[in-house]
Amino acid sequence: MTTTETHAPVAVNDDVFDATVAEGVTLVDFWAPWCGPCKAIAPVLEELATAYGGDLTVAKVNVDENPLNAGKLGVRAIPTLVLFRDGQPVETLVGLQTRTALTAAIDRARA
C-alpha cells in the first residue's frame, strides 16, 4: 500500500515568518478574511500544496493580524503571492492568479 503525503497551507504570523521561508521554495499568500479574490484563490493554493508535496511550502499571512512582513515586502494589494527560495523573495504575483500562472511561477522558483 502506498501512502500519499498531503500538505496543507500553514498559517504564519510575523513572529515565525523568517523561519518559515528560510529553506526551500515557499509560496506566501498575503490575504485578508474580507477579500473575495483571496477566498477564490484559497482552494487552488490547497491543491498546489498537495500537488508539490514536500517540494513547496504554502504559507498564509493574514495582513489584518500580521502587518509587519507585508509592510517590509511592500504588499499594497491583496491577494499578493510572494515566492521565496531559501529565504529570498524571487517573484511577486498580485491579484487573482490562475492555476497555470501559479504553477509556472512555482516551477521558475524551483529551477
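Residues numbered from 1 in each chain as written. Predicted model: local features only at pLDDT ≥ 70, side-chain atom pairs only at ≥ 80, totals over all residues. Heavy atoms only, no water.

Let us now look at the environment of Asn62. With respect to the helices and strands, the residue Asn62 is situated in strand S3 (residues 57-62). Sequence separation between Asn62 and Asn13 is 49 residues; the distance between their C-alpha atoms is 7.7 Å. Excluding residues within four positions of it along the chain, Asn62 makes contact with Trp31, Ala32 and Pro33. Side-chain polar atoms of Asn62 contact the backbone nitrogen of Asp64, separated by 2.9 Å. (Helix = DSSP H or I, 4+ residues; strand = E, 2+ residues; numbered from the N terminus. Contact = heavy atoms within 4.5 Å. Polar contact = N/O pair within 3.5 Å; in protein donor to acceptor, adjacent residues only side chain to side chain.)

It is worth spelling out the packing of aromatic side chains at this point. One pass over the full model with this rule turns up two aromatic pairs. Their ring planes at 40 degrees and their centres at 6.1 Å tell us that Phe17 and Phe30 sit as a pair that is tilted. Placement of Phe17 in helix H1 (residues 17-20) and of Phe30 in strand S2 (residues 25-31) is noted, with a sequence separation of 13 residues between them. With respect to burial, Phe17 and Phe30 carry one shared label: buried. Measuring from centroid to centroid gives 5.7 Å for Phe17 and Phe84, while their planes differ by 80 degrees, and the two rings are edge-to-face. (Phe/Tyr/Trp six-rings, centres within 6.5 Å; stacked < 30°, edge-to-face > 60°. Buried < 20%, exposed > 50% of the residue type's maximum accessible area, 1.4 Å probe, protein only.)

Spatial relationships are all this shows, so hold off on functional conclusions.
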